[in-house]
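# Structural features, examined
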Amino acid sequence: QVQLVESGGGLVQPGGSLRVSCAASGIIFSIYAMGWYRQAPGKQRELVAGITSGGATNYADSVKGRFTISRDNAKNTVYLQMYSLKPEDTAVYYCNARPQGTGWAPTAVGYWGQGTQVTVSS
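Keep in mind that this is a model prediction, so the values were computed, not measured. (Residues numbered from 1 in each chain as written. Predicted model: local features only at pLDDT ≥ 70, side-chain atom pairs only at ≥ 80, totals over all residues. Heavy atoms only, no water.)

### Looking at the overall build of the protein
Looking only at helices and strands, the protein has 0 helices and 11 strands in total. In sequence order, the secondary structure elements of the protein are arranged as β-β-β-β-β-β-β-β-β-β-β. A compact globule built from 122 residues should have a C-alpha radius of gyration of about 14 Å, and the protein, at 13 Å, falls within 12% of that. Each principal axis of the C-alpha distribution contributes one length, and for the protein these read about 40 × 25 × 25 Å. Burial analysis of the protein (122 residues in total) assigns 43% to the buried set. In the protein, 58% of the contacts between residues at least 6 apart in sequence involve partners at least 24 apart. Carbon and sulfur atoms form 50% of the exposed surface of the protein, whose accessible area is close to 6000 Å². In the protein, the 10 positive side-chain charges and the 6 negative ones have mean positions that sit 2 Å from each other. (Helix = DSSP H or I, 4+ residues; strand = E, 2+ residues; numbered from the N terminus. Rg over C-alpha atoms; globule rule 2.2 N^0.38 Å. Buried < 20%, exposed > 50% of the residue type's maximum accessible area, 1.4 Å probe, protein only. Contact = heavy atoms within 4.5 Å. Areas by Shrake-Rupley, 256 points an atom, 1.4 Å probe, with all protein chains shown as cover. Lys, Arg positive; Asp, Glu negative; His and termini not counted. Charge placed at Lys NZ, Arg CZ, Asp CG, Glu CD.)

Structure (structure tokens):
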């Protein structure tokens, strides 16, 4: 069956850095678009960053210049490198795999991981 397993979340101080990873199994990873989404308490899930099967990237305005999404098809893994973290980045971060060309809306499209908590606080 399909599994997406996130790791790397944790507590970090404002201005700090963190990298979260998502290891996929049960899919042909290289043909899927991969996305990172987040959901803070009381808020709707939102796209943070996405990367197509061809490597094109898309970022939320709030993270442009601070976050970088990348993928390693040999390892079936997608990464989100986060720099200059702010308290408003605090959320559960979810990994998503979806068919290429289905857009980036935070809907039930594709497969979802269980999420990893990122907390930015002093």
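### Describing the sheet that holds strand β3 (residues 18-25)
Across a sheet, paired strands are connected by hydrogen bonds in the backbone, their directions being either parallel or antiparallel. One open sheet accounts for 4 strands, arranged β1-β3-β8-β7; its pairing is antiparallel. Edge positions in the sheet fall to β1 (3-7) and β7 (67-72), since each of these pairs with one other strand and no more. Each strand of the sheet is rotated relative to its neighbour by a mean of 15°, with strand direction disregarded. In terms of strand pairing, β1 meets β3 through 5 bridges, oriented antiparallel. For L4, the partnering residue across the bridge sits in β3 and is A24. (Pairing = 2+ DSSP bridges. Axes fitted to C-alpha atoms, helices over the stretch in contact; angles between N-to-C directions.)

### Section: the side chain of N96
As for its placement among the helices and strands, N96 is situated in strand β9 (residues 91-99). Assessed through its relative accessible area of 0%, N96 is described here as buried. Of the polar contacts made by the side chain of N96, one reaches the backbone oxygen of Y111; its length is 3.0 Å. When near neighbours in sequence (up to four residues on either side) are disregarded, N96 contacts L4, A33, M34, G35, Y37, V109, G110, Y111 and W112. (Polar contact = N/O pair within 3.5 Å; in protein donor to acceptor, adjacent residues only side chain to side chain.)

### Regarding the packing of aromatic side chains
Under the defined criterion, the tally for this structure stands at 2 aromatic pairs. Relative to Y111, the ring of Y32 has its centre 6.3 Å away and its plane inclined at 50°; by these criteria the two rings are tilted. With a gap of 79 residues between them, Y32 in strand β4 (residues 32-39) and Y111 in strand β10 (residues 111-112) connect regions that are remote in the sequence. You can call Y111 partly exposed: its relative accessible area is 35%. In this structure, R45 is placed above the aromatic ring of Y94, and the distance from its NZ or CZ to the ring centre is 3.8 Å. Between the NZ or CZ atom of R71 and the centre of the ring of F29, over which it lies, the distance is 4.6 Å. (Phe/Tyr/Trp six-rings, centres within 6.5 Å; stacked < 30°, edge-to-face > 60°. Lys NZ or Arg CZ within 6 Å of the ring centre and 35° of its normal.)

### Things to note about the nonpolar core
Grouped together as the largest cluster of nonpolar side chains are 30 residues, with contacts concentrated most on M34, W36, V78, L80, M82 and Y93. At the level of elements, β3, β4, β5 (46-51), β7, β8 (77-82), β9 and β11 (116-120) are the ones that each hand at least two residues to this core. (Core = buried A, V, L, I, M, F, W, Y, C linked by side-chain atoms within 4.5 Å.)

### Some remarks on the state of the cysteines
This model, assessed by the stated rule, comprises 1 disulfide. Residue pairing for C22: its cysteine sulfur links by disulfide to C95, the two sulfurs lying 2.1 Å apart. Measuring the twist about the S-S bond at about -75°, one finds the C22-C95 disulfide to be left-handed. One end of the pair, C22, is in strand β3; the other, C95, is in strand β9, with 73 residues separating them in the sequence. This pair shows no difference in class: C22 is buried, exactly as C95 is. (Disulfide = S-S within 2.5 Å.)

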